[in-house]
Amino acid sequence: MKKKAVPEWLNSSIWSTSPAMNSTTTTTTSASASADLVHRYSPSSNPYIYDDDDVDPPAPPPPPPPPDTVRRDVRDRDPGRLGDYDRDDEGPSAEEISRQALLLTEVSKKMINIGELRRLACQGVPDNAGVRPMVWKLLLGYLPPDRSLWPSELAKKRSHYKNLKTDLLVNPSEITRRLEDSLYSDSKESKGPPIGMLKRSEIAHGEHPLSLGKSSIWNKYFQESEILEQIDRDVKRTHPDMIFFSGDSAYAKSNQDSLRNILIIFSKLNPGIRYVQGMNEVLAPLFYVFKTDPDEENTAAAEADTFFCFTELFGGFRDNFCQQLDNSNMGIRSTIARLSQLLKEHDEELWRHLEVTTKVNPQFYAFRWITLLLTMEFNFSDILRIWDFLLSDPEGPQETLLRVCCAMLILVRRHLIAGDFTSNLKLLQHYPPTNINHLLYVASKLRTKPPI
């Protein structure tokens, strides 16, 4: 059988550069977060994941001390991996300034051209001037293209979220207290004798803490307590290296409360999926971007805005989180199979070496890449740049995500071709630092079908 030729663009000297492979121990935080993702992700309950703690993952050489002007709240678990994309001391390049001006011009129009916005955003959205929050909300459909509708749409959605919090975050004891207050208020208006604590006969069956009925608010509350505890644990572990999410400050605790509220409300509104461990990692970039918006009104409503944008983003990936669909043509295994096919189409030699020769099943590494939208593979500033690319693609973030994952394999192909099962798996489960712009360039090239 004639072997497909490697695409001409892949022969560029860019891809022949060997990534740093010095042995530096991955931080405890990263290893712990990766190991604790979800019972579905753990080796004990999921055959997809292979882990070998006896071999240190490849890592970059010791980095020089980061400059003081680098924002501490967006540093990676390894400070040396904070890329040039987020270095404030170097200042924005002329290209970034030009792109920012074009983006600002586009989003300032009365009627925004979403197609043009996608074209500009896929090249990267500047961090400053509050551009990214606005662009992401537009790309996710949270804001309509017509700017005149923004005030009414935002007011309506933020009010709706406030009502959701009131209805879904209330403790059952609070419901009983409100009932008592209501009865007491009624007795005052009727000038009858004051009512104290409700008698047992006056408490509806579904409102009693010992009720086991399916409609009992207390029974539902106790059933949900395990999920609430898991959400609480995961929220506290979200980016422990970033003072935005972690620490004892009132600001960090407030941000944790917002993440917790969003995940609880989402789990209650989506009983078919509820909460899957790792959703906090997908939620974090959205909340960070909206909460750091320089517009104070938007910052105050960041929790509400994040909830709706998270719901919209998650809608395109929800089948990957539904365990009942794992073996269907819509579940995570089907998605991983599409990634395998994509690699085979564009680099059959690499595909054959990985899956046939060394028998590295893509489920061993791609499960986490896909379900967590690469949030565990790169430093935080690079995640934001990758998400600019994902959200701006007109085909939708999932198809774009598969191309980025395929590009990740191609960028380390020399090491993979030379490696065996163990070394290749460790490389892919602990992906080395890379130039994000090169990565996204390769991903964009994969949009074109290779010649037969």
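Structure: above.
These figures come from a predicted structure and were not determined experimentally.

## Comments concerning the overall build of the protein
Helix and strand content of the protein: 20 helices and zero strands. For the protein, with 452 residues in total, the buried portion stands at 49%. Across the protein, contacts joining residues at least 24 apart in sequence account for 70% of those joining residues at least 6 apart. Accessible surface, the protein as shown: approximately 22000 Å² in total, 53% of it carbon and sulfur.

## Observations regarding the packing of aromatic side chains
Taken as a whole and judged by the stated rule, the model has 17 aromatic pairs. Taken together, a centroid distance of 5.1 Å and an interplanar angle of 75° make the contact between F266 and F314 edge-to-face. Pair noted here: F266 is in helix α8 (residues 250–269) and F314 is in helix α11 (residues 302–315), with a separation of 48 residues, a long-range link. Each member of the pair F266 and F314 is classed as buried. Seen in terms of ring centroids, F307 and F308 are 5.1 Å apart; in terms of plane orientation they differ by 75°. Their pairing is edge-to-face. Both residues of the pair, F307 and F308, belong to the buried class. Three or more aromatic residues joined by ring pairs form one cluster here, namely F244, F245, Y251, F287, Y288 and F380. Here K137 stacks its cationic end above the ring of F290, 4.9 Å away from the centre of that ring. Sitting above the plane of the W351 ring, K344 keeps its charged end 4.5 Å from the centroid.

## Re the nonpolar core
With 104 residues, the main nonpolar core has V135 and W387 as its most contacted residues. Here the element with the most residues in this core is helix α17 (residues 397–411); it accounts for ten residues. Residues contacting V135, with those up to four places away along its chain left out, are L103, V107, L117, A121 and V125.

## Structural notes on the pattern of salt bridges
One pass over the structure, following the stated rule, counts 22 salt bridges. Notably, a salt bridge pairs R119 with E116, separated by 2.7 Å at the nearest N-O pair. One end of the pair, R119, and the other, E116, are both in helix α3 (residues 114–121), three residues apart, so they sit about a helical turn from each other. Taking relative accessible area as the criterion, R119 reaches 43% and is therefore assigned partly exposed. When the shortest N-O distance is used, the salt bridge between K236 and D232 registers 3.3 Å. In this pair, K236 and D232 both sit in helix α7 (residues 217–236), four residues apart, roughly one turn of the helix. One connected set of salt bridges, linked through shared partners, spans D232, K236, D257 and R260.

## Quick look at the environment of F378
Here F378 lies in the loop between α15 (363–371) and α16 (380–392). On the accessibility criterion, F378 (3% relative accessible area) is buried.

## Quick notes on the packing of α8 against helix α9 (residues 279–291)
At a closest axis distance of 11 Å, the pairing of α8 and α9 adopts a crossing angle of 125°. Relative to α9, α8 is oriented oblique. The chirality of how α8 crosses α9 is right-handed. Where α8 approaches α9, its residues Y251, N255, S258, L259, I262, L263 and F266 are matched on the opposing element by M279, N280, L283, F287 and K291. A breakdown of the residues in the contact of α8 with α9 according to their chemical character gives eight nonpolar, three polar and one charged.

Reading guide: rules and limits
Residues numbered from 1 in each chain as written. Predicted model: local features only at pLDDT ≥ 70, side-chain atom pairs only at ≥ 80, totals over all residues. Heavy atoms only, no water. Helix = DSSP H or I, 4+ residues; strand = E, 2+ residues; numbered from the N terminus. Buried < 20%, exposed > 50% of the residue type's maximum accessible area, 1.4 Å probe, protein only. Contact = heavy atoms within 4.5 Å. Areas by Shrake-Rupley, 256 points an atom, 1.4 Å probe, with all protein chains shown as cover. Phe/Tyr/Trp six-rings, centres within 6.5 Å; stacked < 30°, edge-to-face > 60°. Lys NZ or Arg CZ within 6 Å of the ring centre and 35° of its normal. Core = buried A, V, L, I, M, F, W, Y, C linked by side-chain atoms within 4.5 Å. Salt bridge = Lys/Arg side-chain N within 4 Å of Asp/Glu carboxyl O. Axes fitted to C-alpha atoms, helices over the stretch in contact; angles between N-to-C directions. Parallel < 35°, antiparallel > 145°, perpendicular 65-115°, else oblique. Left-handed = near helix turned anticlockwise from the far one by under 90°. Nonpolar A, V, L, I, M, F, W, Y, C, P; charged D, E, K, R; others polar.

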